[in-house]
Amino acid sequence: MAEEMTELKPDNRRKELIRTLKFIGFSISAGVIEAGSFTLLTELTDMPYWPRYLIALVLSVVWNFTLNRKFTFKSAASVPKAMALVALFYTVFTPVTTLLGNYLADTRMWNDYLVTGINMVLNLSLEYLYDRFIVFGKSIDTNIKEEEHINE
């Protein structure tokens, strides 16, 4: 019985694969926003690493949250509550990656773009797990009726 509960049925596996691919796709679009804004700030300003990274990260997070809540996780859960949970994730993730990124880029002289790329990969994988199991875990697919109505 316990094995049946932990294993995903083929339909559910397919659904989870599609959900994961959607998350990756939207995260790539958020990554384009982050990389683009980081590049603009890098090339057009003399800011240190940390504010460039922080501004780019905030822009991508807002974009990614908005799309993934509606289209990937199809959640009808309270937006303020979901945003608060995402904010909790970023209260840990942001300072750690900002300080570490600043250290690697400005002190250890690593390439700024390499450091940002590493942070983006970390963000993609950690945020997917956090969103999937904590932010939207109990509210996944609760907003399907809206999607079915649109498709009619």
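Residues numbered from 1 in each chain as written. Predicted model: local features only at pLDDT ≥ 70, side-chain atom pairs only at ≥ 80, totals over all residues. Heavy atoms only, no water.

**Q** Looking at this model, I keep getting lost on the overall build of the chain. Mind explaining?
**A** When its secondary structure is counted, the chain shows 6 helices and 0 strands. Tracing the chain from N to C terminus, the helices and strands come up as α-α-α-α-α-α. Within the chain, the proportion of its 152 residues that are buried is 36%. For the chain, long-range pairs separated by at least 24 residues make up 78% of all intrachain contacts whose partners lie at least 6 apart in sequence. Accessible area for the chain stands at about 9,600 Å²; split by element, carbon and sulfur atoms hold 69% of it. (Helix = DSSP H or I, 4+ residues; strand = E, 2+ residues; numbered from the N terminus. Buried < 20%, exposed > 50% of the residue type's maximum accessible area, 1.4 Å probe, protein only. Contact = heavy atoms within 4.5 Å. Areas by Shrake-Rupley, 256 points an atom, 1.4 Å probe, with all protein chains shown as cover.)

**Q** It is not clear to me how the pattern of salt bridges should be interpreted in this structure. Could you clarify?
**A** Where charged atoms from two side chains of opposite charge come close, those side chains can pair. The final tally for this structure, using the stated rule, is 5 salt bridges. The shortest N-O distance in the salt bridge between Asp 141 and Lys 15 comes to 3.3 Å. Here Lys 15 lies in helix H2 (residues 10–44) and Asp 141 lies in the loop between helix H5 (112–135) and helix H6 (144–151), a separation of 126 residues in the sequence. For Asp 141, a relative accessible area of 18% corresponds to the buried category. The partner of Arg 19 in a salt bridge is Glu 16, with the nearest N and O atoms 3.1 Å apart. Of this pair, Arg 19 and Glu 16 are both found in helix H2, 3 residues apart, which corresponds to roughly one turn of the helix. (Salt bridge = Lys/Arg side-chain N within 4 Å of Asp/Glu carboxyl O.)

**Q** Please explain the nonpolar core as it appears in this structure.
**A** Within soluble globular proteins, side chains that are nonpolar generally end up buried alongside one another. Counting residues in hydrophobic clusters, the biggest one holds 22 residues, and the most contacted among them are Tyr 90 and Phe 136. Among the elements of the structure, H2, helix H3 (49–72), helix H4 (79–107) and H5 are those that each provide at least two residues to this core. Top element by residues in this core is H4. It accounts for 7 residues. Those residues within four positions of Phe 136 in sequence are excluded, and the remaining contacts are Phe 65, Arg 69, Phe 73, Ser 75, Ala 82 and Asp 131. (Core = buried A, V, L, I, M, F, W, Y, C linked by side-chain atoms within 4.5 Å.)

**Q** Teacher, can you tell me more about the confidence of the model for the chain here?
**A** Low pLDDT means the predicted coordinates in that region are not meant to be read closely. Taken over all residues, the pLDDT of the chain has a mean of 89, while the share at 70 or more is 89%. Here residues 1–5 scores under 50 on pLDDT; set against residues more than four positions off or in separate chains, the count is 0 contacts. (pLDDT = per-residue confidence, 0-100.)

**Q** Before we go on, may I ask you to explain the packing of aromatic side chains in this structure?
**A** Describing an aromatic ring pair means giving the distance of the ring centres and the angle of the ring planes. As enumerated under the stated definition, the model contains 13 aromatic pairs in all. Ring geometry for Tyr 90 against Phe 93: centres 5.8 Å apart, planes inclined by 85°, an arrangement best described as edge-to-face. Separated by 3 residues within a single helix, Tyr 90 and Phe 93 lie in helix H4, roughly one turn from each other. Accessibility classification places Tyr 90 together with Phe 93 in one group, the buried group. An aromatic cluster is built from Phe 23, Phe 65, Phe 73, Tyr 128 and Phe 136, whose rings are joined through pairwise contacts. (Phe/Tyr/Trp six-rings, centres within 6.5 Å; stacked < 30°, edge-to-face > 60°.)

**Q** Can you walk me through the packing of H3 against H5 in this structure?
**A** It is at 12 Å that the axes of H3 and H5 come closest, and there the two elements cross at 30°. As H3 packs across H5, the resulting crossing turns out to be right-handed. On the side of H3, the interface is formed by Tyr 49, Arg 52, Tyr 53, Leu 57 and Asn 64, while H5 contributes Asp 112, Val 115, Thr 116, Asn 119, Asn 123 and Glu 127. Looking at side-chain class alone, the contact of H3 with H5 contains 4 nonpolar, 4 polar and 3 charged residues. (Axes fitted to C-alpha atoms, helices over the stretch in contact; angles between N-to-C directions. Left-handed = near helix turned anticlockwise from the far one by under 90°. Nonpolar A, V, L, I, M, F, W, Y, C, P; charged D, E, K, R; others polar.)

**Q** Explain the environment of Gly 101 to me, please; I cannot follow it from the model alone.
**A** Structurally, the position occupied by Gly 101 is in helix H4. Accessibility expressed as a relative area gives 1% for Gly 101, which makes it buried. Counting along the chain gives 48 residues from Gly 101 to Tyr 53, while the straight-line C-alpha distance between them is 8.4 Å. Not counting the four nearest positions on each side in its chain, Gly 101 is found in contact with Tyr 49, Val 115 and Asn 119.

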